[in-house]
Structure formats: structure tokens, C-alpha cells
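Tertiary structure, described
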Amino acid sequence: MKTLPIIKALIDWDYDFSSDFKTNEKGYTFVIDVWDSTPKLALYKFTPYAVKCDHTDQQPPEELLKKALEEQGVKAKDGIFKINHELRNWIEENILDKAL
């Protein structure tokens, strides 16, 4: 992803999903996108008028994703969920640092 150095400066690691469409904030965060009970790491773009979620090319071990979901008590088959500190470290080491 050639745009990662630009995106890196705009990442909101503590983004509050309940503020979608309620503020003029623009930026990115990383999320766990669960579809049909399968978790995937995704880059979540938010603007005042839209959100977009794209799975990352490089995925962390599924155990890391499942652990983050378990910590949140998630049992849903579908949805967008926050990452934990361990996943943030993995993203910084394996995706963001390699982009520079």
C-alpha cells in the first residue's frame, strides 16, 4: 500500500465508532471486520459523510484477532470491532514500519 506513510499520520488509534457521521472528523483506524464468523484486520476510513472498510493485504495470525474479540466479549457473526493493544503492536511492526 503506497499510501501508508500518508495514512500513518492520520490514524486515530482510539476512534469512537459511536461518533460516525456526528462530527467533522476525517481519518483512519484499524478494526476487526467479522463477516460470516471470520475475523479479518481492516483499515477503516471515516469522514463526516461516509465510512469505508478495506481488509489489509497482510493479515495477523487469526489467534490475535480472536483474542481481541474475546477480550471485548464479542460473540457476533458479523460486525466491526476494535483492536486491542497487542494487535496495534502487530500492525505497527508488520504493516506500518514496513511501509516506510
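Conventions adopted
- Residues numbered from 1 in each chain as written.
- Predicted model: local features only at pLDDT ≥ 70, side-chain atom pairs only at ≥ 80, totals over all residues.
- Heavy atoms only, no water.
- Pairing = 2+ DSSP bridges.
- Helix = DSSP H or I, 4+ residues; strand = E, 2+ residues; numbered from the N terminus.
- Axes fitted to C-alpha atoms, helices over the stretch in contact; angles between N-to-C directions.
- Contact = heavy atoms within 4.5 Å.
- Buried < 20%, exposed > 50% of the residue type's maximum accessible area, 1.4 Å probe, protein only.
- Polar contact = N/O pair within 3.5 Å; in protein donor to acceptor, adjacent residues only side chain to side chain.
- Phe/Tyr/Trp six-rings, centres within 6.5 Å; stacked < 30°, edge-to-face > 60°.
- Core = buried A, V, L, I, M, F, W, Y, C linked by side-chain atoms within 4.5 Å.

Some remarks on the sheet that holds strand 1 (residues 27-35)
Taken in spatial order, the four strands make up an open sheet running 3-2-1-4, and their pairing is antiparallel. Two strands bound the open sheet, and with one partner strand each, they are strand 3 (51-55) and strand 4 (79-82). Within this sheet the neighbouring strands show an average axis-to-axis angle of 40°, counted without direction. Here strand 2 (residues 38-46) pairs with strand 3 via five bridges, running antiparallel. Residue pairing in the sheet places Ala42 in a bridge with His55 of strand 3. Contacting strand 1, strand 2 and strand 4, helix 2 (residues 62-71) crosses the sheet at an angle of about 75° to strand 2.

Regarding the environment of Lys67
Of note, Lys67 is situated in helix 2. Lys67 sits in the partly exposed class, given a relative accessible area of 38%. Sequence separation of Lys67 and Leu43 is 24 residues, and the distance between their C-alpha atoms is 19 Å. Sequence-distant contacts of Lys67, defined by excluding residues within four places in its chain, comprise Asn84 and Glu86. Of the polar contacts made by the side chain of Lys67, one reaches the side chain of Glu86; its length is 2.8 Å.

Regarding the packing of aromatic side chains
Following the criterion strictly, the structure yields five aromatic pairs and no others. Here the aromatic rings of Tyr15 and Phe46 are separated by 3.8 Å at their centres, their planes lie at 20°, and the arrangement is stacked. Of the two residues, Tyr15 sits in the loop between helix 1 (4-8) and strand 1 while Phe46 sits in strand 2, which places them 31 residues apart along the sequence. Using a relative accessible area of 1% as the deciding quantity, one classes Phe46 as buried.

A look at the nonpolar core
Ranked by internal contacts, the top residues of the largest apolar core, which has 19 residues, are Phe30, Ile32, Leu41, Ile83, Leu87 and Ile91. Looking at this core, the elements with two or more residues in it are strand 1, strand 2, helix 2 and helix 3 (85-96). Among the elements that line this core, the one with the most residues is helix 3, at five residues.

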